[in-house]
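An overview of the molecular structure
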Amino acid sequence: MEHIRTPKVENVRLADRVTSKKAVVGTLYLTATHVIFVENGPDTRKETWILHSQISTIEKQATTATGCPLLIRCKNFQILQLIIPQERDCHDVYISLIRLARPVKYEELYCFSFNPKLDKEEREQGWMLVDLGEEYKRMGLPNDYWQLSDVNRDYRVCDSYPTELYVPKSATAHIILGSSKFRSRRRFPALSYYYKDNHASICRSSQPLSGFSARCLEDEQMLQAIRKANPGSDFIYVVDTRPKLNAMANRAAGKGYENEDNYSNIKFQFIGIENIHVMRNSLQKMLEVCELKSPSMSDFLWGLENSGWLRHIKAIMDAGIFIAKAVSEEGASVLVHCSDGWDRTAQVCSVASLLLDPHYRTLKGFMVLIEKDWISFGHKFNHRYGILDGDPKEISPVIDQFIECVWQLMERFPCAFEFNERFLIHIQHHIYSCQFGNFLCNSQKERQELQIQERTYSLWAHLWKNRADYLNPLFRADHSQTQGILHLPTTPCNSMYKFWNGMYNRFEKGMQPRQSVTEYLMAVKEETQQLEEELEALEERLEKIQKVQLNHTKVKSKQNEPSKHSGFSTSDNSTANTPQDYSGNMKSFPSRSPSQGDEDSALILTQDNLKSSDPDLSANSDQESGVEDLSCRSPSGGEHAPSEDSGKDRDSDEAVFLTA
Amino acid sequence: MEFSELIRTGRAQAELLRGPEAPPLRGTLCVTSHHLLLSPGTEASPDLWLLLLRSVDSIEKRVAGDSGTITLRCKDLRVLQLDIEGVEATLDIARSIEGLRLGDAWHFHPPERYYQRVARETNAWRLSEVNEDFSLCPSYPRALIVPRSVDDHALARSAGFRQGGRFPVLSYHHAPNGTALLRSSQPLTGPQKRRCAEDEELLRAVLVGARPGARGFIIDTRSAQAAKQARMTGGGTEAKAAYPGWKRLHRPLERGRPLQESFVRLVEACGDLEQSMDRWLSRLEGCRWLEHVKEALSTACLAAQGMEREGACILVHGAEGTDSTLLVTSLAQLILDPLSRTMDGFQELVEREWIQAGHPFQLRCAHSAFSHARPKHEAPTFLLFLDCVWQLGRQFPLSLEFGEGLLLALFEHAYASPFGSFLCNSEKERGLCEVRTRTHSLWSGLNQPKEQRKLRNPLYALNPLAIWPSVEPQSLRLWQGLFLRWTRPPEPSETAWEKVWQIVTDSEKTEGSA
């Protein structure tokens, strides 16, 4: 690769930012796709792999006597502090990474070189896993009120919309075209979700080009058509997710919001979610708080509040709740928009759908939801997540916020979701990783031109294949909680919104719970299932034997199997865990700091043995470090599915790595 | 009275006759708190034979020669005969069964019981009954564990030198490296910087008993300044020169009225449903509750770390030694001692380190957060302890045998209870009020089988290691199960708990049948 100035630097130290543990020494490699740090340890050659596309910022800090520190912040919230002995090397690494982290064309991205060793057919099947056509059928469409429109064939009307869209039957092409001309970027009202229980729907669009007084007959007819498509209600809600002030300011630019006097039977509502710039700054502020070194409780809580992050999360959630209630309780259809209708609108529509429809709370359904409200409706993944080098002001954690909303709901309804926290974390990771083609580009049209489906693999297939890792053992498909709408209390419950430690501090192992209930229960379930299978097999055998009428059956030999509860009853070393520095700044234990004693280093070793990074995603390792791979201890014996992929990835990376 | 007290003899050789049809069983007979066990020798018979002592309706014993016979008539109309080798053994077993089968004994865990464990681990400590009549220290129990080499006379002198007579006593012996955790109240050095030779000797003996050259840390739960100021009122802190080998650390913990106010403010904030999200976190911060949780846990970790990592002995005290001192010693044990993380062990810990150690429950829990009465002695120290335990459980969800249910129950019962366990301020008062004869024990109430599903953690698996929690603010959470208990819908978390139980019991069932 022409951008790599130096492929290898030795004697680099990787500092541990949180604990006072000593930095580990190792070798730094730069490859076409990854930054790799390999520890020098005598038997534990722990590796840390960072994808270039995950790198958010690189900061060269003031040179000290020990070397030149380089701080790498990643989009998945990992932070690496490397200390490179030679200033010159550091500079080379810095310059190389600056370039590598900001690809200028799609072909440079990892997904075009990533090869999970699937054949063509498997790849194609992977792309078919999530089928929006099927999804609209599941909703009960088409029906007497809604039809599939081909008005956007070849992206003729709106280049950021998909080609296949559902619109009210009574909306003629003329109406749609007229309406599209009256909407920002021609994003006319189209169906996002249809609630078949009462015919109410959620539609989405961009803002109208109303200015101070402009009207558009077709747009008014379009909204009327949406209302008529729901015979149960004589009005529709129009929800503008922006703060009123922002919407009013837009009028000066010839945009704005619907005037209730011009549209018949609409109820207009502002929600007040801030724009992408506010959100970007908010995340920045929150991450600064996460980065504080041993903050006091006050520092943390003040910092978190000042970042406004949880307030924004709540605003998005409140909007979703409002719409879900309008649809389910009032039976009214809702048209949602913001400015362009691809950020806040996507957040709010998908939160509302998730609350309304248990299908979206399953593994498959959740993928469909992201495919529908985000990918197909032209959420600008490329701009928002800085995939190609571009305007930094376009970057904003829009889908991150949606993912967090889902996590907040999972915390409140532990049995309502088929998937677990890890599923969300991995999706977040892959939105930035560019290992799969799903989240490239800014629209369906661009993806088609780039032939994403022919040239890259689908994340959904990858997640689906490993679905065993993503299941929530507490999910109760049978329970009332999971059947219908998720009922949130009407009172504002601020205290319910929690800081998501598992996401924003997920690489700070010491801060995470040291044992995982999910892992444990999954292992228990797996063992139970295996025993049941064994039991069945034995019973079958018993029957056969009885038929044959043998005198002595030794079927019960299995009974006293020593492996009883082998997996879990002794969790022995699984929780090996070192104390952090509790003494603070006090020189309390002067003789030796906790990291120097013999026994301590032994313990530190055990912790480091747990691999904490991984080329792909540090998939399992990152979750399990506290509890050493419970899943591997189930009687199924050792190797467990998830490591497979990372193994494969490693292979392919290895190749790149060697050629580099 | 403790069940195990009633067990006179551990085991004996016996033959069990179960009626004319069943073959006799020979083996080792064993009495536990609730069961009679017969474990056959190496012979063919497969299983342990088990009888619930409560099911015994009547018992009859006969002795002849050097063996005896016990006849048990059970509530389910069975009649069992036990032929036991040895007269003494027969009589002891009969008496044990007699005592235990009634099962209504006041269930509690006296220091004697903990001493039995310590005595198995080391010879450095003894049980002293110097406080038999509560004259030395009204807030201590009758029996206390002290260094073997220190006699009762010296203890009395040391008691005179400590506020309220709370001389240093053993709180926990860390068997893996022989270090000890002690607690006391502040020394009465006063402005003249008085010293007490016996008190100094006592602490020296602790170090000698641990191992030659052992060092110690005194964790004072007050700030250095507050400790200094205490001298003006006759209190103070250990002078460095007087206690060689001991080093003093100050970790100020909140106590008394500020702690109560923190609790009141937090409950108010949690109950305020009109509050906007903009100010929620700063309001939470303003309550300072989570900060107190963080400080309490950090200090306990410091004590535990000193023992486990530095091989040092630790003495904890603040002023009176009945509040933040107990918070630190009990949490440190939970971190270090796997036994204290079991259902029984935790109950014993609460009994020993809070109830018998003289935490003044009556005063501290007279009013909770809603009372308009002017707080006098109220302070939610015990609640703070429970919150810290909950945080530990959240970070180590498989390492505590009990669940949130037990912590909630303890919180409730500490403030208002149909049981007598949390009554009064000290053992002395409980004796005067005849609590043990006139009320029931909370522990027997909680240990009813029907309560178990609520209280137990089905995920528990013994974790023999120390559990070091993270005390970073990101890792500590508001205990919603308690503070939002009545404002949030309970169903989702209850459903989750049921599901956890279901998964675990399913697995056990399958294993049983496989």
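Rules used in this analysis
Residues numbered from 1 in each chain as written. Chains lettered and ligands numbered in written order. Predicted model: local features only at pLDDT ≥ 70, side-chain atom pairs only at ≥ 80, totals over all residues. Heavy atoms only, no water. Buried < 20%, exposed > 50% of the residue type's maximum accessible area, 1.4 Å probe, protein only. Helix = DSSP H or I, 4+ residues; strand = E, 2+ residues; numbered from the N terminus. Pairing = 2+ DSSP bridges. Right-handed = clockwise from strand over helix to strand, strands pointing away. Axes fitted to C-alpha atoms, helices over the stretch in contact; angles between N-to-C directions. Parallel < 35°, antiparallel > 145°, perpendicular 65-115°, else oblique. Left-handed = near helix turned anticlockwise from the far one by under 90°. Contact = heavy atoms within 4.5 Å. Nonpolar A, V, L, I, M, F, W, Y, C, P; charged D, E, K, R; others polar. UniProt positions renumbered as here; feature names shortened; annotations may be inferred. Core = buried A, V, L, I, M, F, W, Y, C linked by side-chain atoms within 4.5 Å. Buried area = accessible area lost by both parts, 1.4 Å probe. Salt bridge = Lys/Arg side-chain N within 4 Å of Asp/Glu carboxyl O. Polar contact = N/O pair within 3.5 Å; in protein donor to acceptor, adjacent residues only side chain to side chain. Phe/Tyr/Trp six-rings, centres within 6.5 Å; stacked < 30°, edge-to-face > 60°. Lys NZ or Arg CZ within 6 Å of the ring centre and 35° of its normal. pLDDT = per-residue confidence, 0-100.

1. Describing the pairing of strand β13 (residues 266–270) of chain A
Put simply, side chains in a regular strand alternate between the two faces of the sheet. Residues and elements named next belong to chain A. Burial of the side chains of β13 is restricted to one face: I266, F268 and F270 are buried, whereas none of K267 and Q269 on the reverse face is. As defined by bridge partners, strand β12 (residues 236–240) adjoins β13 across 5 bridges and the pair is classed as parallel. Residue pairing across strands places I236 opposite I266, the latter belonging to β13. For the handedness criterion, the β-α-β arrangement of β12, helix α6 (residues 244–251) and β13 is classed as right-handed.

2. Looking at the packing of helix α3 (residues 132–139) of chain A against helix α11 (residues 363–376) of chain A
Residues and elements named next belong to chain A. Direction vectors running N to C along α3 and α11 enclose 110°, while the axes themselves pass 10 Å from each other. In terms of orientation, α3 lies roughly perpendicular with respect to α11. Along this stretch, α3 crosses α11, giving a crossing that reads as left-handed. Between α3 and α11, the residues in contact are L132, E135, Y136 and M139 and V368, E371, K372 and S376, respectively. Residue classes in the contact of α3 with α11 are distributed as 4 nonpolar, 1 polar and 3 charged.

3. Here we look at the UniProt feature "domain: Tyrosine specific protein phosphatases" (unreviewed entry) in chain A
In the numbering adopted here, UniProt assigns the feature "domain: Tyrosine specific protein phosphatases" (unreviewed entry) to residues 307–351 of chain A. The annotated region residues 307–351 of chain A carries 64% helix and 11% strand content, and the separation between its end C-alpha atoms amounts to 22 Å.

4. Considering the nonpolar core
Within the largest apolar cluster, 263 residues are counted, with the highest numbers of intra-cluster contacts made by F366(A), Y504(A), F346(B), F385(B), L410(B) and F483(B). Broken down by element, the residue count for this core peaks at 12 residues, all from helix α9 (residues 309–328) of chain A. Sequence-distant contacts of F385(B), that is, excluding residues within four places in its chain, are made with L327(B), S330(B), L331(B), F346(B), L349(B), V350(B) and W354(B). Grouped together as the second largest cluster of nonpolar side chains are 23 residues, L70(A), I84(A), L97(A) and L100(A) included.

5. A few points about the interface of chain B and chain A
Taken together, the contact pairs 73 residues of chain B with 82 residues of chain A. Contact between chain B and chain A buries roughly 6800 Å² in total, counting both sides, with carbon and sulfur atoms accounting for 62%. Three residues stand out in chain B for area buried against chain A, namely M277(B), R309(B) and Q474(B), and they jointly supply 12% of the buried area on that side. Connecting chain B to chain A are 3 salt bridges. Among the ionic pairs, E305(A) bridges to R279(B), the shortest N-O distance being 2.7 Å. The interface formed by chain B and chain A contains 17 residue pairs in polar contact (both at pLDDT 80 or more). Those elements that place two or more of their residues in the side of chain B that touches chain A are β13 (246–250), α7 (277–287), α8 (289–308), α12 (381–395) and α19 (491–513) of chain B. Among the elements that make up the side of chain B that touches chain A, the one with the highest residue count is α19(B) (14 residues).

6. Details of the packing of aromatic side chains
A ring pair, where both rings are aromatic, is described by two values, the distance of the centres and the angle of the planes. For the coordinates displayed, the defined rule picks out 44 aromatic pairs over all chains. Where W407(A) meets W500(A), the ring centres are 5.0 Å apart and the plane angle is 10°; that geometry is what we call stacked. In this pair, W407(A) is assigned in helix α13 (residues 398–412) and W500(A) in the loop between α18 (480–483) and α19 (501–504), connecting sequence segments 93 residues apart. Of the residues examined, W407(A) reaches a relative accessible area of 3% and is grouped as buried. Ring geometry for W390(B) and W479(B): centres 5.9 Å apart, planes at 20°, overall stacked. Within this pair, whereas W390(B) is found in helix α12, its partner W479(B) is found in the loop between α17 (452–455) and α18 (480–483), the two being separated by 89 residues in sequence. Take W390(B) and W479(B): they sit in the same class, and that class is buried. A network of ring pairs unites the aromatic residues F77(A), F300(A), W309(A), W407(A), F499(A), W500(A) and Y504(A) as a single cluster. Positioned over the ring face of Y457(A) is R123(A), at 6.0 Å from the centre of the ring.

7. Topic: the pattern of salt bridges
It is possible for side chains bearing opposite charge to pair when their charged atoms get close. All names here are of chain B. Taken as a whole, this structure holds 55 salt bridges over all chains when the rule is applied. A salt bridge links R117 to E121; the shortest N-O distance between them is 3.2 Å. Placement of both R117 and E121 in helix α2 (residues 111–121) is noted, with a separation of 4 residues, approximately one turn of the helix. Given a relative accessible area of 31%, E121 falls into the partly exposed group. For R195, the salt bridge goes to E200, with nearest N and O atoms at 2.9 Å. We classify R195 as exposed; its relative accessible area is 52%. For E200, a relative accessible area of 9% translates into the label buried.

8. Focus: the packing of α12(B) against helix α13 (residues 404–415) of chain B
All names here are of chain B. Axis separation between α12 and α13 bottoms out at 10 Å; the angle between their running directions is 175°. The orientation of α12 with respect to α13, classified from their angle, is roughly antiparallel. Note on element contacts: α13 touches α12 through E404, L407, L410, F411 and A414, opposite F382, L383, L386, V389 and W390. Its residues assigned to classes, the contact of α12 with α13 comprises 9 nonpolar, no polar and 1 charged.

9. Quick look at the confidence of the model for chain A
Residues and elements named next belong to chain A. Taken residue by residue, chain A gives an average pLDDT of 83. The fraction at 70 or more is 82%. The low-confidence segment residues 553–576, where pLDDT is below 50, has 45 contacts with residues more than four positions distant or belonging to other chains. Long-range and interchain partners of residues 590–660, a stretch whose pLDDT sits below 50, account for 133 contacts in this model, where long-range means more than four residues apart.

10. Describing the environment of H199(A)
All names here are of chain A. Within the secondary structure, H199 is located in the loop between β10 (190–195) and β11 (200–205). Spatially, the C-alpha atoms of H199 and Q54 are 43 Å apart, while their sequence positions differ by 145 residues. Here H199 is in contact with Y145, Y194, A229, N230, P231 and S333, once residues within four sequence places are set aside.

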